[in-house]
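If you want the building blocks of each chain, they are given just below.
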Amino acid sequence: MGKISVICAKSSEDLGRRLAKKINGNLVKTEIRIFPDGESKITLKGNISKTKSIVVQSIYPPVDTNLIQALSLISKAKENSSEVITIIPYMGYARQDREFLPGEIVTMKVLAKLFKGAGTSKLIVVDIHSLIGLKHFKIKSKNVSAVADLAAYFKKLSLESPLVVSPDQGGKERAKEFAKELGTEYIVLEKKRDRKTGKVQIKTKQVDVLGRDLILVDDMISTGGSIINATKFLKKEKCKRVFVACTHALLINEAEKKIRKSGVTKIVSTNTIPGKTSIVDISNTIAKAII
Ligand code: R5P
């Protein structure tokens, strides 16, 4: 059997390269041209294995462009390889996993059909927003946690009586796991989001965080609203420093600047989305999930 092909487009080039090295695969790069009307023209730069291919592509903005590129790569890989594994380190659309308001389309269901139809037989994602999203996929799927990698980074910092904080109930298990890794405690805030405007509010009345360094743990930061609201609340409760650990830092509309202004000392994210804050490499954890 020849080497496994690791095919990556632009959104996950660095991560794809690291993965290929870790699994001793053959990296197949892609050349992408975006036409003036927004269409992607994709050309593969290398040969694809007859037996197994891995496609790596995160679906962050431009979301639909990166999505169609992922589907195209899967389709091309399937023309050559008998097995195609798809790695979507950041799964866009994952927050649209159920019908919150009547008439809403559950886009994760649509994606599930598209990925299967394009030819993938196994999907690997990292800290998907909720496991409900994966239930729509009728192929083998696996969610990999970045908590241990993120926590390893925080273990190296000298923190004052650290306390892990989840900004909402949905992140409770993540915070619990993170706190376990650090050998400390965790608390969970109550967050309310207006389903129509998207605005968030912290409903928790009081917490005991006096003089402690806090680590706000979340799966993703989009506009920063959740983190900013939580930080303002925690600062009022007289905590010491606030750090943020998140898997996917989208940081839309100058979110990073706004988060820092709210009083956050440092934002630490993984390289599922490359950027200034993505200092934790997740390739080793993904590689273990492939084998
Ligand atoms: C929501 O439940 C997620 O876990 C994140 O907290 C949220 O999606 C982050 O979005 P934003 O940064 O826009 O508040």
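Only a predicted model underlies this, so the values are computations on that prediction, with no experimental measurement involved.

1. Observations regarding the site of the ligand
Not every one of the 14 residues close to the ligand is listed here, only the nearest: Asp218, Asp219, Thr223, Gly224 and Ser226. Threonine 223 is positioned with one of its side-chain polar atoms (N or O) 2.5 Å from an oxygen atom of the ligand. Serine 226 is positioned with one of its side-chain polar atoms (N or O) 2.6 Å from an oxygen atom of the ligand. When the free accessible area of the ligand is taken as 370 Å², the share hidden by the protein chains comes to 90%.

2. A closer look at helix H3 (residues 107-118)
Between the first and last C-alpha of H3 there are 16 Å, a value that for 12 residues agrees with the 16 Å anticipated at 1.5 Å per step. For H3, every residue scored as buried is listed here: Thr107, Met108, Leu111, Ala112, Phe115 and Ala118. Within H3, the buried residues cover an arc of 145° as seen down the axis, which keeps them to one side. Exposed side chains of H3 directed beyond 90 degrees from the buried face belong to Lys113 and Gly117.

3. What to know about the domain arrangement of the protein chain
Domain assignment breaks the protein chain into domain 1 (5-145 + 282-290) and domain 2 (147-271). On a C-alpha basis, the centres of domain 1 and domain 2 stand 28 Å from each other. Listed by partner, the interface residues are 16 residues for domain 1 and 14 residues for domain 2. Buried area between domain 1 and domain 2, both sides added, is near 1,400 Å², and the carbon and sulfur share of it is 52%. When residues of domain 1 are sorted by the area they lose upon contact with domain 2, Tyr90, Asp127 and Ile282 head the list and together hold 36% of the total. Counting every contact that joins domain 1 to domain 2 gives 0 salt bridges. Broken down by class, the residue content of the side of domain 1 that touches domain 2 amounts to 9 nonpolar, 3 polar and 4 charged.

4. Focus on unusual backbone geometry
Cis geometry is found at the peptide bond from proline 61 to proline 62, where omega equals 0°. Position of proline 62 relative to the elements: it lies in the loop between strand S4 (52-56) and helix H2 (63-80). For asparagine 24, which is not glycine, the phi torsion reads 55° and is therefore positive. Structurally, asparagine 24 can be placed in the loop between helix H1 (13-22) and strand S2 (26-34).

5. Thoughts on the sheet that holds strand S9 (residues 185-188)
With parallel pairing, 6 strands are arranged side by side in an open sheet as S9-S8-S12-S13-S14-S15. Looking along the sheet, the strands with just one partner apiece sit at the ends: S9 and strand S15 (278-280). Adjacent strand axes in the sheet meet at a mean angle of 35° when their direction is disregarded. In this structure, strand S12 (residues 214-221) lies alongside strand S13 (residues 242-249), joined through 7 bridges in parallel fashion. Among the inter-strand pairings, leucine 214 is bridged to a residue of S13, identified as valine 242. Across the sheet, helix H5 (residues 147-155) lies against S12, S13, strand S14 (264-270) and S15, angled at about 140° from S14, the strand it touches most.

The rules we used
Residues numbered from 1 in each chain as written. Predicted model: local features only at pLDDT ≥ 70, side-chain atom pairs only at ≥ 80, totals over all residues. Heavy atoms only, no water. Near = heavy atom within 4 Å. Polar contact = N/O pair within 3.5 Å; in protein donor to acceptor, adjacent residues only side chain to side chain. Areas by Shrake-Rupley, 256 points an atom, 1.4 Å probe, with all protein chains shown as cover. Helix = DSSP H or I, 4+ residues; strand = E, 2+ residues; numbered from the N terminus. Expected span 1.5 Å × (residues − 1). Buried < 20%, exposed > 50% of the residue type's maximum accessible area, 1.4 Å probe, protein only. Arc of directions from axis to C-beta. Domains from an automatic or database assignment. Contact = heavy atoms within 4.5 Å. Buried area = accessible area lost by both parts, 1.4 Å probe. Salt bridge = Lys/Arg side-chain N within 4 Å of Asp/Glu carboxyl O. Nonpolar A, V, L, I, M, F, W, Y, C, P; charged D, E, K, R; others polar. Pairing = 2+ DSSP bridges. Axes fitted to C-alpha atoms, helices over the stretch in contact; angles between N-to-C directions.

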